[in-house]
Amino acid sequence: MTFHEITKDAITFAVKHPRSINLDLVDAQQARRVLDRLVGYSISPILWRKVKKGLSAGRVQSVSTKLICDREALINAFEPQEYWTVDADFKHIASGKTIPSELSHVSGEKVDLRNEAQVNQVMDSLKNQSPIIADVIKKVKNRAPSPCFITSSLQQESSNRFGFSTSKTMMIAQQLYEGISVPGKGTIGLITYMRTDSTRISDEAKNALKDFVQTHYGEDYLNDKTRKKLKAKSAQDAHEAIRPTYVDLIPEELESALNKDQWKLYSLIWQRFVASEMSDAKFDSTTIDIRLGSCNFRTNGLKMKFDGFLKVYTYTSVSENLLPDIQKTDEMKLIDLKQEQHFTQPPARYTEATLVKEMEEKGIGRPSTYAPTISTIIQRGYVERDKKSLKPTELGFIINEIMANYFTNVVDVDFTAGMENRLDNVEAGELEWKEIIRTFYGPFKIMLDHADEELGKA
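The shown structure was predicted, so the numbers you read here are calculated from the model rather than taken from an experiment. (Residues numbered from 1 in each chain as written. Predicted model: local features only at pLDDT ≥ 70, side-chain atom pairs only at ≥ 80, totals over all residues. Heavy atoms only, no water.)

K.L.:
Which parts of the structure should I look at to understand the overall build of the protein chain?
P.N.:
Regarding its fold elements, the protein chain presents 15 helices and 11 strands. Taken along the three principal axes of its C-alpha coordinates, the protein chain extends 75 × 65 × 40 Å. Scored against the burial criterion, the 458 residues of the protein chain give a buried share of 45%. When the accessible area of the protein chain is evaluated, it comes to approximately 24000 Å², of which 48% is carbon and sulfur surface. (Helix = DSSP H or I, 4+ residues; strand = E, 2+ residues; numbered from the N terminus. Buried < 20%, exposed > 50% of the residue type's maximum accessible area, 1.4 Å probe, protein only. Areas by Shrake-Rupley, 256 points an atom, 1.4 Å probe, with all protein chains shown as cover.)

K.L.:
Would you mind going over the packing of aromatic side chains with me for this structure?
P.N.:
One pair of aromatic rings is described through two measures. These are the centre distance and the angle between the planes. Taken as a whole and judged by the stated rule, the model has 12 aromatic pairs. For the pair Tyr217 and Tyr221, a centre-to-centre distance of 6.4 Å together with 55 degrees between the ring planes defines the contact as tilted. Judged by relative accessible area, Tyr217 falls into the partly exposed class, the value being 24%. Following the ring pairs from residue to residue traces out a cluster consisting of Phe212, Tyr217, Tyr221, Trp270 and Phe306. When the ring centre of Phe415 is taken as origin, the NZ or CZ atom of Arg422, which lies over that ring, is 5.9 Å away. (Phe/Tyr/Trp six-rings, centres within 6.5 Å; stacked < 30°, edge-to-face > 60°. Lys NZ or Arg CZ within 6 Å of the ring centre and 35° of its normal.)

K.L.:
What am I meant to see in the pairing of strand E10 (residues 383-386) here?
P.N.:
Every regular strand shows the same layout, with side chains that alternate between the two sheet faces. Summarising the sheet, E10 and strand E11 (residues 389-392) pair through 4 bridges and their orientation is antiparallel. Bridge pairing in E11 links Arg385 to Leu390. Counting the residues that bridge the hairpin from E10 to E11 gives 2 residues, and of these Lys387 lies at a positive phi of roughly 60 degrees. (Pairing = 2+ DSSP bridges.)

K.L.:
In this structure, what is going on with the packing of helix H5 (residues 151-162) against helix H6 (residues 166-178)? I would like to understand it.
P.N.:
To characterise two packed helices, one gives the angle between the axes of the helices and the distance between these axes. It is the contact of H5 with H6, at a shortest axis distance of 9 Å, that shows an interaxial angle of 115 degrees. By the angle between their directions, the pair H5 and H6 is classed as roughly perpendicular. As H5 packs across H6, the resulting crossing turns out to be right-handed. For the pair H5 and H6, the contacting residues are Thr151, Leu154, Gln155 and Ser158 in the first and Thr166, Thr169 and Met170 in the second. Classifying every residue of the contact of H5 with H6 by side-chain character gives 2 nonpolar, 5 polar and no charged. (Axes fitted to C-alpha atoms, helices over the stretch in contact; angles between N-to-C directions. Parallel < 35°, antiparallel > 145°, perpendicular 65-115°, else oblique. Left-handed = near helix turned anticlockwise from the far one by under 90°. Contact = heavy atoms within 4.5 Å. Nonpolar A, V, L, I, M, F, W, Y, C, P; charged D, E, K, R; others polar.)

K.L.:
Even after reading the chapter, I still don't get a nonpolar patch on the surface, so can you show me in this structure?
P.N.:
Together, Met1, Phe3 and Val15 make up a nonpolar patch on the protein surface, roughly 280 Å² of accessible area in all. With respect to the helices, strands and loops of the structure, Met1 is situated in the segment before helix H1 (8-16). (Patch = residues over 30% accessible without salt bridge, like charges linked within 9 Å, V, L, I, M, F, W, Y side chains within 5 Å. Salt bridge = Lys/Arg side-chain N within 4 Å of Asp/Glu carboxyl O.)

K.L.:
I would appreciate a short explanation of the pairing of strand E2 (residues 98-106) in the present structure.
P.N.:
One ladder, built from 5 bridges, connects strand E1 (residues 82-92) with E2; its direction is antiparallel. Residue pairing across strands places Asp89 opposite Pro100, the latter belonging to E2. Counting the residues in the hairpin turn of E2 and strand E3 (residues 109-110) gives 2 residues, including Ser107, whose phi is positive at 55 degrees.

K.L.:
Looking at this structure, how should I read the pattern of salt bridges?
P.N.:
Using the criterion set out here, one finds 22 salt bridges in the structure. For Arg243, the salt bridge identified is with Glu5, shortest N-O distance 2.9 Å. In this pair, Arg243 sits in the loop between helix H7 (203-217) and helix H8 (251-254) while Glu5 sits in the segment before H1, placing the two residues 238 residues apart along the sequence. For the pair Arg243 and Glu5, one class covers both residues: buried. Here Arg298 makes a salt bridge to Asp289, at a shortest N to O gap of 2.6 Å. Judged by relative accessible area, Arg298 falls into the partly exposed class, the value being 33%.

K.L.:
It is not clear to me how the environment of Gly363 should be interpreted in this structure. Could you clarify?
P.N.:
Position of Gly363 relative to the elements: it lies in the loop between helix H10 (352-362) and helix H11 (370-379). Judged by relative accessible area, which is 6%, Gly363 ranks as buried. Note: C-alpha distance between Gly363 and Thr416 (53 residues apart in sequence) is 7.9 Å.

Printed below as a string of structure tokens:
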């Protein structure tokens, strides 16, 4: 029996339509388990002898630790670069409004001010110059909704919006999937299966959603075009996207049945699902270029014309910058000029959300492994949380150095991603799983013996 949601309709359909076991899926799962145990069971005892007991290595966790250590190394090696900005305030005479602008070009070249001497030269050239409106460009910009959640995007969004860890997000999603007691309706699985890399939704769900949008928001809010479905290069597409099982179970009706965190996550999933089949939001965009001597100052205005999917998806904010109606022939007056020194910033440490995004983009792990991998490297003491960031510990650097020196392939991002692809090929019936194990084990055994001998001497 196969089902992706725990509802009466889904279970009844699964009972009526049983299928034979897909042995390709069994082989792929078996290959993953054997590989993970070969790596973990073989390397971990070496780490125990060399460092301390209780440590572990893993096909995915070691690569994740390496990503975090590599990012920290970049931060430590970073050297700030100086740069400057010049801003101007102009007064639009007709409306009396102040128009803040930023220097964009000098003598037709994109601005690149690296020191105070360059800035002073620009500032001197602006003395006694009168502003002229060089261009006014007006456009209508559309903003399309994001597709339904997959595991990685749900983990990222709930981390950004609520500060949930990946493991907390998956725990709450599991509760919503398994079923919640809803007064008057019994126990209902509120969302579809939460470990998925597909944005696909079933035709039945899509039709129900379109009816819901048309009934509750009107024809104008219904999407009238086919949107390109985003799909990661490593997506398996085995399950639907994460969506509510019944679109008419709106969050407000479930608030009393759910605890605070369950309600937050359900609301997020519900809104994202409904928004996915709604029309684009439309904005009036205005770009104004003001020339002052040989310099061009630019300001951008944005005004919502039609809210579209933003009527539902309240987790996306829009910063409007309302400008008066400005024509090229209008008169402007320079009010103020400001120069400011800045320094480039080092790359940011990974958060759980950005690490999941990196793992997904590089093809490391699968939806089911993101949360447990991060939990494992924190529990082992390789990584620690620093507010929302993930910071490698001294132990993490030591383990990463050992892995990089003696088990190059295990921590190589491309090798790991390639292995995931080969495992997917087993699932598709294109590769024999034992051949993958044989190909991996030969070189791995050589590395293992070398590490065992060398680390035993140290």
